[in-house]
Amino acid sequence: LSQLFRPLDLLGMVYRTIRQGVIDMASMFALIDTPAEVVDAPGAKPLAIAKGHVRFEGVRFGYDPGREILKGLDLDVPAGSTLAVVGPSGAGKSTLARLMYRFYDVAEGRITIDGQDIRDVQQASLRAAIGIVPQDTVLFNDTIGYNIAYGREGAGRAEVEAAAAGAAIAGFIERQPEGYDARVGERGLKLSGGEKQRVAIARTLLKNPPILILDEATSALDSRTEAEILDTLEAIERGRTTIVIAHRLSTVIHADQIVVLDGGHVAERGTHAELLRLGGVYAEMWARQAQEQDEDVPGASEGALA
Ligand code: ATP
């Protein structure tokens, strides 16, 4: 009788494999937000990372013709330093991350890493050099161990556990009866926003990229989770060139450089102290935030800037 059922088992397995493939594809597209349209230039070489010095030089870009989002942007992020980008919703902050990852090419100007125009290097090498911790982490319908290991192909269990510890999520995982084999998703563990972000941080720790882009979550995190995440982020930012798309005051204050993006231009740039002294847009955002915190507006995200 078991002979009779074997083809059905096989069919079931094929079905499950295909279904998982479809889920993975759907997750990937949600993750990258857009299908990759950009291709390697003929003869493109791998990116040669010396230190991770990132520059935007006169970058102009728009998604649709006739609606320019960035109108000639200059940024200089020295190797190992942290740049925080703030500005109103729709100013183009997340667009910077998409351009760096080369989901789109700039219309004018260039983006360089250690002097190499990112359009001249192999995309795979560019993307291997950049770690992104997105606002909303997409988790696969699989085990939590798999979701972390996804950061680097071939990562072993010990490395996954070390990354989980670094991202302050190891304790949470160890408390699950099935540990790293606990499934996440619809029929498994439901993770909070903060826990998902820590999974993303663990993935990034495994990937160990020289350049880091953090797209901070706008949604409110409770202050304990926020403090834990900030500590973890500080640990992964060390020694890496970091661009933070910042919504929280707490991350902005310590950045080496803050840029206020508005109307396609850099409206202000400087350190937290310099921008406060300037008494412009940034100082105003800061005062408004501080006031909101004082008033303890229900549902207001702690220290949110945008
Ligand atoms: P927020 O703080 O709300 O996240 P942001 O500063 O990160 O905003 P972006 O996501 O960079 O803003 O978007 C900049 C502008 O580009 C917005 O007006 C947005 O509507 C537009 N935009 C973003 N993605 C696309 C897209 N794929 N196609 C067309 N327009 C887009």
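Structure: above.
Just so it is clear, the structure is predicted and the values come from calculations on it, not from any experiment. (Residues numbered from 1 in each chain as written. Predicted model: local features only at pLDDT ≥ 70, side-chain atom pairs only at ≥ 80, totals over all residues. Heavy atoms only, no water.)

Quick look at the side chain of Thr-112
Item 1. Relative to the helices and strands, Thr-112 is located in strand E4 (residues 108-113).
Item 2. On the basis of relative accessibility, which here comes to 2%, the residue Thr-112 falls in the buried class.
Item 3. Among all residues touching Thr-112, those that are not within four sequence positions of it are His-53, Val-54, Arg-55, Glu-57 and Asp-117. (Helix = DSSP H or I, 4+ residues; strand = E, 2+ residues; numbered from the N terminus. Buried < 20%, exposed > 50% of the residue type's maximum accessible area, 1.4 Å probe, protein only. Contact = heavy atoms within 4.5 Å.)

Some thoughts on the sheet that holds E4
Strand pairing in a sheet is mediated by backbone hydrogen bonds. Such pairs are either parallel or antiparallel.
Item 1. Read from one edge of the open sheet, four strands run E2-E1-E4-E5, paired in antiparallel fashion. A strand with exactly one partner marks an edge of an open sheet, and here the two such strands are strand E2 (70-77) and strand E5 (116-117).
Item 2. Pairing analysis gives two bridges linking E4 to E5, with the strands arranged antiparallel. For Ile-113, the partnering residue across the bridge sits in E5 and is Gln-116. (Pairing = 2+ DSSP bridges.)

Observations regarding the site of the ligand
Item 1. Among the 15 residues in the neighbourhood of the ligand, the closest are listed as Arg-67, Ser-89, Lys-93, Ser-94 and Thr-95.
Item 2. In the model, an oxygen atom of the ligand is placed 2.6 Å from a nitrogen or oxygen of the Ser-89 side chain.
Item 3. Contact between the ligand and Gly-90: an oxygen atom at 2.9 Å from a main-chain N or O atom of the residue.
Item 4. Protein chains bury 69% of the 640 Å² of accessible surface belonging to the ligand in isolation.
Item 5. When grouped by side-chain class, the residues that make up the shell around the ligand number five nonpolar, six polar and four charged. (Near = heavy atom within 4 Å. Polar contact = N/O pair within 3.5 Å; in protein donor to acceptor, adjacent residues only side chain to side chain. Areas by Shrake-Rupley, 256 points an atom, 1.4 Å probe, with all protein chains shown as cover. Nonpolar A, V, L, I, M, F, W, Y, C, P; charged D, E, K, R; others polar.)

What to know about the environment of Leu-70
Item 1. With respect to the helices, strands and loops of the structure, Leu-70 is situated in strand E2.
Item 2. Sequence-wise, Leu-70 and Leu-96 are 26 residues apart; in three dimensions their C-alpha atoms are separated by 8.9 Å.
Item 3. Sequence-distant contacts of Leu-70, defined by excluding residues within four places in its chain, comprise Val-59, Arg-60, Phe-61, Ala-91, Gly-92, Thr-95, Leu-96, Leu-99, Leu-261 and Gly-264.

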